Amino acid sequence: MKVELLAPGGSYESVIAALNAGADAVYTGGELFGARASANNLSMEELLDVIAYAHLHHKKIYLTINTLLKNKEIKERLFDFLKPLYEAGLDAVIVQDYGVLRYVHQSFPDLPIHASTQMTIMGYRTAEDLKKYGVTRIVTPRELSFGEIKNIYDKTHMEIESFVHGALCYCYSGQCMMSSFIGGRSGNRGRCAQPCRMEYDLRKDSKTINQKNEKYIISPKDICTIEILPKIIESGVYSLKIEGRMKKLEYIAGVVEIYRKYLDLYLEDSEHYQVSRDDYEKLLSLFQRNGFSESYYNQHNGRNMISLKKVEFRKENESYTEYLKKEYSGKKLKEPLNISVYCRKGEPLSIQTKIGLETEPYEKEIIVCGAQPETAEKKPLDEETLRKQIAKLGNTDFVAKKIEIQMDEDVFLPIGEIKELRRTFIKQIEQEILGQFQKQNAVPMNSERKPVKTVISKETSVSATVWNREQFQAVLDYDFLKTIYLEAAQFSLENMKACITLGKKQNRKIFLALPYVFRMKNEQFFEKRYFNLLSQVDGVLIRNIEEYYWIQEQSLNLEIRFDYNIYMMNDFATDFYEQFQGTTTLPVELNAKELRNLNCQDSEMIIYGFIPLMISAGCGLKTLNQCDKNNQRYELKDRKGNLFTVQCVCDYCYNLMLNCKALSLFKFAEELKGMSVSSFRVSFTTESKNEVCEIMEKAEQALIQNQKIQEDENTTRGHYTRGVL
């Protein structure tokens, strides 16, 4: 199989329908740990059943464990959840959490792992390194272009999986906190409430610049790539992924049917590939948001990718949906068998066939013997009766394509004996096919927690992130501040050089905070602008794991720190990052109790700052034809009047949306110190010089002078007091 067609399955019925409609594989979730917690996820019994069904028909099932797991979940539930599925021959798991990645690789050594799009893998270096953890496939971010995908494939030769149809997130997958902070429903935990589908006004310089009927500014159209399928395949994509685990059965079946048709056409005759208008209209009729886009394959962003206006759903094509239900629901695929039957006197009745296997031997002969026929005293068994009985494969996964019978005349055998032999025959075939996938070597990884020494340092370490020279000058006046992160994407080269020089004179550690997006073009720009500066700073703050591998290639002796969005929600993830010999930043989605249950040693904690809610390739100003490529700033106003500041980061061409309220945890300073956190960070973004000074004075009072601080309604405690489910 040169290319895989991969379908979603949000329920048992939709998994079966997708396989029936022509999917080579289906990704689906169980009752735990999937990124679609509100789907009609499969029970353990149903999962085991669909694994067997898929394998009997030379297809595959991938399980979604593509969320971040908390300590208790990974230690107490993950192994028992996966073990029966692993033993049944589950084909792969899709993983977001690096702790889960490490745990699965060690506990289930023969289970292939697919790195989820939620991992936000932007380059080949990360993909290559993940091989040693059992990762066999990379699910690319939807934002990557043909060239970027081809670059990853050419340099790693790993399986590449990319989305070809369905809903499109506005934010880079795995980098969205909007649903989490607004309503407590985390996309990283499979509970996204889709705030990007809501209405917003875009305000610039205190003026609303969108039209009244264009309020869906961050709601992308669904993608449909049926017309560019050849280019996607030729860029190195092996698995063509359809989105839609929340969609109806007929949607899944219909999309799979049409993509199956055109994938087969391409594989048979790529030179004459052409999509009919009728089939394109069928796809539109199944679901769309004011039309389709072709995703980011051919463009970086743009107005044509966004729904903008309220979606006017088309009237359902009832005849088409009824056809899909009838054709693919409530039925079973049938594997054809060529059967030979031998019914002779003095020998046991035997049934034989040959089956294809996935592993050596690739073909096996199945022979099942039963009772020995007797000489007929009255009515002998005739060939027609024997053939009918053998052909009655009923509700099994097989059909008798051809039956050859060699039998003596004047023989007798009870019909019950023939039926029993037929059942044994089918059972033997099933066991041979399914047995080749089964595994027995699962051993739970040691989950004992390393002893953590609670050490309250006499001197509390404090760091600050700054976006401009004015903020830098303001924080420099506070002697207790030891480390300053310069936001690389916000500083001019001249100002950055000046700040590094000034900071060094005052004995401060100066770090470069790397951009949130580090793609192929970004890498080239960054190297050209900042390479010489890297030898002058003390370290770097990593926002995407690809940056770490790039830094290592440069052979620079730099201190490494990973930001909060390089997720570390469990101790297994902490252990994973230990190999990098860097400091981690505590996640912002855990509450106080969960943080106390985490190994916080050698980790930094954000105690103040406007937390980024979205990092997007999409740009609101570009959507409204207002882009001037000059790092503008605008606001999105929701229906409740909340204002979310959005910073255009034009050198790297992404938008950074900040929460409408700043996180402020100064009132909890005393208990936070008891967690053995190595450092506290105040993160400045849009604050003025006076606001920076006010926050720094509050930080000094809370962290250095141990004074009690009162928080006001203009700030938020984030998840520290509530957490996420």
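The rules behind each value
- Residues numbered from 1 in each chain as written.
- Predicted model: local features only at pLDDT ≥ 70, side-chain atom pairs only at ≥ 80, totals over all residues.
- Heavy atoms only, no water.
- Pairing = 2+ DSSP bridges.
- Helix = DSSP H or I, 4+ residues; strand = E, 2+ residues; numbered from the N terminus.
- Axes fitted to C-alpha atoms, helices over the stretch in contact; angles between N-to-C directions.
- Contact = heavy atoms within 4.5 Å.
- 1 Å grid on protein atoms, 1.4 Å probe; cavity = no way out; pocket = protein on both sides within 12 Å on 5 of 7 lines; lining within 4 Å.
- Points joined across faces, edges and corners; volume = space filled by probe spheres on them.
- Nonpolar A, V, L, I, M, F, W, Y, C, P; charged D, E, K, R; others polar.
- Expected span 1.5 Å × (residues − 1).
- Buried < 20%, exposed > 50% of the residue type's maximum accessible area, 1.4 Å probe, protein only.
- Salt bridge = Lys/Arg side-chain N within 4 Å of Asp/Glu carboxyl O.

It is not clear to me how the sheet that holds strand S19 (residues 398-407) should be interpreted in this structure. Could you clarify?
Strand pairing in a sheet relies on backbone hydrogen bonds, with the paired strands running either antiparallel or parallel. Taken together, the 4 strands give an open sheet; going across it, the order is S17-S16-S15-S19, and neighbouring strands pair in mixed fashion. What marks the edges here is a single partner per strand, and that holds for strand S17 (363-369) and S19. This sheet shows a mean twist of 20° between the axes of neighbouring strands, independent of strand direction. Pairing of strand S15 (residues 335-343) with strand S16 (residues 350-356) involves 3 bridges; the strand directions are antiparallel. Bridging from a neighbouring strand, serine 340 pairs with glutamine 352 of S16. Together, S15, S16, S17 and S19 form the strand contacts of helix H14 (residues 415-435), whose direction differs from that of S17 by roughly 155°.

How do you make sense of empty space enclosed by the protein when you look at a structure like this?
Empty space among the atoms can be located by rolling a probe the size of a water molecule over them. Per the stated rule, a full pass over the model turns up 6 cavities of 30 Å³ or more. Considered as a void within the structure, the largest cavity measures approximately 140 Å³ in volume. What lines the largest cavity is a set of 15 residues, among which Tyr98, Met119, Asn565, Ile566 and Tyr567 lie closest to the centre. Of the residues that constitute the lining of the largest cavity, the class distribution is 7 nonpolar, 6 polar and 2 charged.

Looking at this structure, how should I read helix H23 (residues 689-704)?
An α-helix turns once per 3.6 residues; consequently, residues spaced three or four apart project the same way. A rise of 1.5 Å per residue sets the reference length of H23, with its 16 residues, at 22 Å; its end C-alpha atoms lie 21 Å apart and thus fit the reference within 8%. For H23, the full list of buried residues reads Val692, Cys693, Ile695, Met696, Lys698, Ala699, Ala702 and Leu703. Looking at the buried side of H23, the elements it contacts are strand S21 (462-466), helix H15 (469-475), strand S22 (481-487), strand S27 (603-609), helix H22 (669-673) and strand S33 (679-683). Looking one or two residues past H23, asparagine 706 carries a phi angle of roughly 55°, positive in sign.

Looking at this model, I keep getting lost on the pattern of salt bridges. Mind explaining?
Pairing is possible between side chains of opposite charge, provided their charged atoms come close. Following the criterion strictly, the structure yields 48 salt bridges and no others. Two residues, glutamate 4 and arginine 137, come together in a salt bridge whose shortest N-O distance is 2.8 Å. Taken together, the positions of glutamate 4 in strand S1 (residues 4-9) and arginine 137 in strand S6 (residues 135-139) put the pair 133 residues apart, joining distant regions of the chain. Residues lysine 70 and glutamate 594 are paired through a salt bridge, measuring 2.7 Å at the closest nitrogen-oxygen approach.

Would you mind showing me how to read the sheet that holds strand S28 (residues 612-616) here?
The strand order S9-S8-S29-S30-S31-S28 describes an open sheet built from 6 strands, whose pairing is antiparallel. Either end of the sheet is taken by a strand with one partner, and the two such strands are strand S9 (207-208) and S28. Strand direction decides the pairing type here: strand S29 (residues 633-637) and strand S30 (residues 643-649), joined by 5 bridges, are antiparallel. Pairing of glutamate 635 across the sheet is with threonine 645, part of S30.

Read these as spatial facts, not as claims about activity.
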